[in-house]
Amino acid sequence: ERRLVESGGGLVQPGGSLRLSCAASEFTFSNYVMSWVRQPPGKGLEWVSGINSGGSSTYYADSVKGRFTISRDNAKNTLYLQMNSLKPEDTAMYYCTADPREWSYLLSARPEWKYWGQGTQVTVSS
């Protein structure tokens, strides 16, 4: 069974940084589009960032563009999200997702992601 395990969340002050990691196992990581999706308390899901299987194409929501950087290491089966200049509105549960469908399709259709981790909480507060 596919496993996605997030880590790196926590409490950070506004303006601070965090690096999230997602360790993947039990599937061919390099064949999957990977993403980070977040859910603020009491709100809906937001696709934060995505990266294609080879790591050559990325997507960022306008709300995080210029502050967050997504990357992947296919040799280590790990996805990352470097988050800088954090704001209170970045407070959310952050989920790692995986999807075997085409990058171009996922970008245009924005379907529900196939596989999800359990999430890691990020809280930005002074």
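Data block above holds the structure.
Everything in this summary refers to the structure shown in the same document. Here the structure is a predicted model, which means the values were calculated and not measured.

Description of the state of the cysteines
By the definition in use, this model includes one disulfide. At a sulfur-sulfur separation of 2.1 Å, the disulfide partner of Cys 22 is Cys 96. Negative torsions about the S-S bond denote left-handed disulfides, and the value of about -75° found for Cys 22 with Cys 96 makes this one left-handed. Here Cys 22 is found in strand S3 (residues 18-25), whereas its partner Cys 96 is found in strand S9 (residues 92-99), with 74 residues between them in sequence. Note on Cys 22: relative accessible area 0%, which makes it buried.

Some thoughts on the environment of Ala 92
Topologically, Ala 92 is positioned in strand S9. For Ala 92, the contacting residues outside a window of four places in its chain are Arg 38, Gln 39, Pro 40, Pro 41, Thr 120, Gln 121 and Val 122.

Side note on the sheet that holds strand S8 (residues 78-83)
Spatially, S1-S3-S8-S7 is the arrangement adopted by the four strands of the open sheet, whose pairing is antiparallel. Two strands in the sheet have a free side with no partner beyond their single neighbour: strand S1 (3-7) and strand S7 (68-73). Mean inter-strand twist for the sheet, computed between neighbouring axes without regard to direction, equals 15°. As paired strands, S1 and S3 are joined by five bridges and run antiparallel to one another. Bridge pairing in S3 links Arg 3 to Ser 25.

Here's the deal with the nonpolar core
In terms of nonpolar packing, the biggest core is built from 35 residues, with Met 34, Trp 36, Leu 79, Leu 81, Met 83 and Tyr 94 touching the most fellow members. Residues within four places of Leu 79 in sequence aside, it is in contact with Leu 20, Ser 21, Cys 22, Phe 29, Met 34, Ser 35, Trp 36, Ile 51, Ile 70, Ser 71, Arg 72 and Cys 96.

Concerning the pattern of salt bridges
Side-chain pairs of opposite charge can arise whenever the charged atoms involved come near each other. By the definition in use, this model includes five salt bridges. Residue Asp 90 is joined to Arg 38 by a salt bridge in which the shortest nitrogen-to-oxygen separation is 2.9 Å. Here Asp 90, found in the loop between S8 and S9, pairs with Arg 38, found in strand S4 (residues 33-39); they are 52 residues apart in sequence, far enough to count as distant. Where Arg 101 meets Asp 99, a salt bridge forms, and the shortest distance between an N and an O atom there is 2.8 Å. One continuous salt-bridge network, built from bridges that share partners, spans Arg 38, Glu 46, Arg 67 and Asp 90.

Overview of the pairing of strand S5 (residues 46-51)
Where burial is concerned, most of S5 is hidden: five out of the six residues are buried. Counting the residues between successive antiparallel strands, the hairpin from S4 to S5 contains six residues, one of them, Gly 42, with a positive phi of roughly 75°. Bridge count between S5 and strand S6 (residues 58-60): three bridges; the pairing is antiparallel. When the bridges of S6 are listed, Ile 51 appears paired with Thr 58.

Calculation criteria
- Residues numbered from 1 in each chain as written.
- Predicted model: local features only at pLDDT ≥ 70, side-chain atom pairs only at ≥ 80, totals over all residues.
- Heavy atoms only, no water.
- Disulfide = S-S within 2.5 Å.
- Helix = DSSP H or I, 4+ residues; strand = E, 2+ residues; numbered from the N terminus.
- Buried < 20%, exposed > 50% of the residue type's maximum accessible area, 1.4 Å probe, protein only.
- Contact = heavy atoms within 4.5 Å.
- Pairing = 2+ DSSP bridges.
- Axes fitted to C-alpha atoms, helices over the stretch in contact; angles between N-to-C directions.
- Core = buried A, V, L, I, M, F, W, Y, C linked by side-chain atoms within 4.5 Å.
- Salt bridge = Lys/Arg side-chain N within 4 Å of Asp/Glu carboxyl O.

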